[in-house]
Structure formats: C-alpha cells, structure tokens
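Letter by letter, the chains look like this.
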Amino acid sequence: DQQVKQNSPSLSVQEGRISILNCDYTNSMFDYFLWYKKYPAEGPTFLISISSIKDKNEDGRFTVFLNKSAKHLSLHIVPSQPGDSAVYFCAAISGGGADGLTFGKGTHLIIQP
Amino acid sequence: GAGVSQTPSNKVTEKGKYVELRCDPISGHTALYWYRQSLGQGPEFLIYFQGTGAADDSGLPNDRFFAVRPEGSVSTLKIQRTERGDSAVYLCASSRGVNTEAFFGQGTRLTVV
C-alpha cells in the first residue's frame, strides 16, 4: 500500500519552461515532506523540504507547494535546465522520524533542448 | 569524509552466501538509516539507528537481515543466506537528527546469482 504516490513515471519538459512534479500521500500523520533528486549510479540528493505548517517553500528555481487538505504536494522548477534531468523522489516523514522516510516511486524528468 | 561513503559499490554473490555492506556516515551525524531500492521503485526503509542502538528495525524484511552500529558511527548491514530477491541497491543515509535533511551515500548494488 503506497503511502506516497507519484503517478507520473516520467515527464518531458522543454528547456526554459516550468517543470511541475506532483506527489500525493495518504498518511495524515506525515508532517514533513522532502524532494530528492537522483542521477544514475548516485544516491539521492536532497533538494528542498517543507513542513506541514507551511504551504510554500522557495529556494532559487525550486518551489514546493503543500495542500494539506488535498494531501498533495508539488515541486515547481522554473526555468528548467538540462542539468535538471534526473529522477525526482517525493518523500515524507512523520512524528519522531523513527520510521525513516517514506518515498514515492519517483518521476523521471527529461529536459529537452 | 565529506559525505556518506558506502562500500563496496558493487557486490555479486552466489545464492545462499553471506554478505556485509558497510556505511561510513558523515562525521557527527547521530542518525543513520538503511534503505533498499529495487528497480523502478523508490527507496524502502529498512532500519534506523540513533547512536549505537537500532531505534527502529521494523523495515527489515526477515531475520536474514541484520545491522549493527557498535560505536555509533560506521554501520554494517549483514544479509545471511542471500536469495535472488535480495538483489537491489542498498542505500545508507545519515543526518544530524530526525526531521532534518538526510544525506545519502551512492549505494551498494547487490546482485545475487
């Protein structure tokens, strides 16, 4: 039973345009959300996070939006660059974090020149 | 070291053999996590250490899997009587504490033949 869902296995976006990656979750106990980026043969790299007390967090070209009532979050990348091509994982954590991060299956973002 | 280091980067073993996977976390990070990532899936939580003790090992799939962190730094994931289904990338992550950014190693790709 997937508690964190990324329903788009892949997404193709033109360079310079906005990339929007979506994530849904089912566990209402999740209170902290993170996005990780992963290149082949490397471990995931932290990108940006958001606490459940906020609805938006921005860091440079990356913005994460959280809609708690819909149990939905999204990552916006603008403008998209070729180096953004990677697999993006949405992850969530609850309470004390002892259960570690619960990850989605990932979305492969492809930035086309 | 500068980041989380995992050795070996690749391991091929025969079914039924015993393997050990090593993780050297970032110095000073008290929290250490092991994850397993199968093809097409997101990382799946296995076990979490806070210091030397396993705070949560609920993600270990069965009793063939065991992990230690005797001095609160380096951790070893041990798999007995390996099965072909154990083939995956095993990721280690460390953080300063729970609900803080976790830094991942590059992973160990385990192949059981």
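First, a word on scope: everything that follows refers to the structure included in this document. Because the structure is predicted, anything quoted here is derived from the model rather than measured.

### Side note on the sheet that holds strand β6 (residues 56-59) of chain A
All names here are of chain A. If you trace the five strands from one edge of the open sheet to the other, you get β1-β3-β8-β7-β6, paired in antiparallel fashion. Each edge of the open sheet carries a strand with a single partner, namely β1 (4-5) and β6. As judged from the six bridges shared by strand β7 (residues 62-67) and strand β8 (residues 72-77), these two strands associate in the antiparallel manner. By the bridge assignment for β8, F62 is matched with I77.

### Points about the interface of chain B and chain A
Between chain B and chain A, the residue contacts involve 19 residues of the former and 21 residues of the latter. Roughly 1600 Å² is buried in total at the junction of chain B and chain A, and carbon and sulfur atoms are behind 55% of that figure. Where chain B packs against chain A, one counts zero salt bridges. Counting across the interface, chain B meets chain A through two residue pairs in polar contact (both at pLDDT 80 or more). Top contributing element to the side of chain B that touches chain A by residue count: strand β4 (residues 31-37) of chain B, with three residues. Here the side of chain B that touches chain A is composed, by residue class, of nine nonpolar, eight polar and two charged.

Calculation criteria
Residues numbered from 1 in each chain as written. Chains lettered and ligands numbered in written order. Predicted model: local features only at pLDDT ≥ 70, side-chain atom pairs only at ≥ 80, totals over all residues. Heavy atoms only, no water. Pairing = 2+ DSSP bridges. Helix = DSSP H or I, 4+ residues; strand = E, 2+ residues; numbered from the N terminus. Contact = heavy atoms within 4.5 Å. Buried area = accessible area lost by both parts, 1.4 Å probe. Salt bridge = Lys/Arg side-chain N within 4 Å of Asp/Glu carboxyl O. Polar contact = N/O pair within 3.5 Å; in protein donor to acceptor, adjacent residues only side chain to side chain. Nonpolar A, V, L, I, M, F, W, Y, C, P; charged D, E, K, R; others polar.

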